[in-house]
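Now for the letters of each chain:
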Amino acid sequence: MLSDQQMRALVLERQFIHKPWPGDLSALLTHLGALQLDAIQRITRAHHHQLYNRLPRYREAQLAGAEQRREIFEYWSHAAAYLPMAHYPYARVRMDRIRAGQRHWFEKNARLCRYVLDRVRAEGPLRASDFVRTKSGWWDWSAEKKALEQLFHEGELMVSHRDGFQKVFDLPERLLPAKVPTRAASELEYGCHLVRTFLGCQGIGRAEEVAYLRREDKPLVQQAAEAMLASGELVPLGRELVLAEHLARHPERAPRKVRLLSPFDPLVLQRKRLRRLFGFEYQLECYVPAARRRFGYFCLPILYGDQFVGLVDLKADREAGVLRTEALHWVKKPGVTLEAGFHRALGQFARFQGLEAGAALTA
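The numbers attached to residues start from 1 for each chain and follow its sequence in the written order. Only residues with pLDDT of 70 or above have their local features reported here, since the model is predicted, and side-chain atom pairs are shown and tallied only from 80 upward, although totals for entire chains, interfaces and linings are computed over all residues. Water and hydrogen atoms play no part in the side-chain values, which are based on all heavy atoms of the structure.

The protein chain has the name Winged helix DNA-binding domain-containing protein in an unreviewed UniProt entry, where Microbulbifer spongiae is given as its organism.

## Quick notes on the sheet that holds strand 5 (residues 158-163)
Keep this limit in mind: For two strands to count as paired, DSSP must find a minimum of two bridges between them. Comment: elements are numbered from the N terminus, with helices defined as DSSP H or I runs of at least four residues and strands as E runs of at least two.
With antiparallel pairing, the 3 strands of this open sheet are ordered in space as 4-6-5. Of all the strands in the sheet, just strand 4 (126-127) and strand 5 have a single pairing partner and so form its edges. Of the pairings in the sheet, the one linking strand 4 to strand 6 (residues 166-170) comprises 2 bridges and is antiparallel in character. Paired with Leu126 across the bridge in strand 6 is Phe169.

## Here's the deal with unusual backbone geometry
Backbone geometry at Arg70 places phi at a positive 60 degrees, although glycine is not the residue there. Mapped onto the secondary structure, Arg70 falls in the loop between helix 4 (61-68) and strand 2 (72-76). Even without being glycine, Leu213 reaches a positive phi, approximately 60 degrees. Of note, Leu213 is situated in the loop between helix 10 (207-210) and helix 11 (218-231).

## Observations regarding helix 1 (residues 4-15)
At 3.6 residues per turn, the α-helix brings residues three or four places apart onto the same side. The line we're drawing: Here a helix's expected span is defined as the number of its residues, less one, multiplied by 1.5 Å. Burial classification: accessible surface area is computed with a 1.4 Å probe over protein chains only, and a residue below 20% of its type maximum counts as buried, one above 50% as exposed, and the rest as partly exposed.
End to end, helix 1 covers 17 Å across 12 residues, agreeing with the expected 16 Å (1.5 Å per residue, within 8%). Listed as buried for helix 1 are Met7, Arg8, Ala9, Leu10, Val11, Leu12, Arg14 and Gln15. Phi turns positive one or two residues past the end of helix 1, at Phe16, with a value near 55 degrees.

## Regarding the pairing of strand 8 (residues 234-237)
Strand direction decides the pairing type here: strand 8 and strand 9 (residues 240-243), joined by 4 bridges, are antiparallel. Bridge pairing in strand 9 links Leu234 to Leu243. Joining the antiparallel neighbours strand 8 and strand 9 is a turn of 2 residues, in which Gly238 adopts a positive phi near 65 degrees.

## Re the nonpolar core
Here is a general trend for soluble globular proteins: nonpolar side chains tend to be buried in one another's company. Condition: In plain words, nonpolar cores are sets of buried Ala, Val, Leu, Ile, Met, Phe, Trp, Tyr and Cys residues tied together by side-chain atoms within 4.5 Å. A contact between two residues is defined here by any heavy atoms of the two lying within 4.5 Å.
The biggest cluster of nonpolar side chains holds 68 residues, and the ones touching the most others in it are Leu260 and Leu267. With 7 residues, the single largest contributor to this core is helix 13 (residues 336-352). Ignoring any residue separated from it by four or fewer positions in sequence, one finds Leu260 in contact with His49, Asn53, Leu300, Pro301, Ile302, Val312, Leu314, Phe342, Ala345, Leu346 and Phe349. By size, the runner-up hydrophobic cluster in this structure holds 30 residues, among which are Ala91, Cys113, Phe131 and Met158.

## Some thoughts on the packing of helix 9 (residues 187-202) against helix 11
Just so we agree on the cut-off: Whenever a helix is involved, its axis is fitted only over the stretch in contact; in every case the axis is a line through C-alpha atoms, and angles between N-to-C directions fall within 0 to 180 degrees. Between 65 and 115 degrees an angle is taken as roughly perpendicular, under 35 as roughly parallel, over 145 as roughly antiparallel, and anywhere else as oblique. Basically, the charged four are Asp, Glu, Lys and Arg, the nonpolar ten are Ala, Val, Leu, Ile, Met, Phe, Trp, Tyr, Cys and Pro, and anything else, Gly included, counts as polar.
Between helix 9 and helix 11, the least distance of the axes is 8 Å, while the angle of their chain directions is 80 degrees. Comparing their axes, helix 11 and helix 9 come out roughly perpendicular. Contacts between helix 9 and helix 11 pair Glu187, Leu188, Tyr190, Gly191, Cys192, Leu194, Val195 and Arg196 from the former with Leu220, Val221, Gln223, Ala224, Ala225 and Met228 from the latter. When the residues that make up the contact of helix 9 with helix 11 are grouped by side-chain class, the tally is 10 nonpolar, 2 polar and 2 charged.

Written out as structure tokens, the structure is:
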């Protein structure tokens, strides 16, 4: 049995938050399983923020380079994400389900899908704006954009790259490397993949956490977990599951370093799990009406060693070239070492974005 401290140490070790990832970006994505995208740009976008905290000397061009080399691709995990190209057969499971009629966001317009697909086939990579007849906002999608998204979720189209933050679609046969298998994994292979990947990068977890935001996969994940327990690949620790290989040694206690985490970082993404393992209550308040916010529009969790010690609300003022601290909240009054570590982490994060750190609040 692992103590609470040992469980936290295992989670942090497998997340490579304090200890930098030793390989390249593509290998990191294979380890994590997915890199969530998000459109909010209050500071650097979420996918870059997650990589910044794990890859030494990371620069945003590295992600675009990995996509151009077709080492990674964009699809849907628990949300919109970059996935390692080696995981394409597992993504095909969801693609095939949607092609067979599983509902995504809206009803399929088969005739319009054929028209859109024919245009991409004939003209090459296209964006939604290449079809737009009238101006359309992000939440007021044109019929053509809906068709593009439907074909994307079915796997009939892939994202070649993004122009700004707008997807550029092309045919899979023009994007997939020849060595990548295009056959979908079996349902059980897919379920075992979800369990292995989650526990491989999270250290410990529960079946419902493996199936987070994957309602249709819950029975499959449970079946896979039972098969892996029976084979000895998994070991139960009370309600927690852990890969047997992770019990071979005890992880070292997390060093006393400060990390400012993205709200979409896999370490904090599941708020109930965060509360259970780290005793930390957290909510991203950009979706909360301004009058009801307690901590700020885009508060980042502050990790210090194996404890979450506060929240900082940051805003990139790109015109002034400054990363501003809008609000700072500590769980308890910080000591000199923590405060110094926080200011150092803030300065490094600002420089990563090409900004200067503005005057940081002290309380």
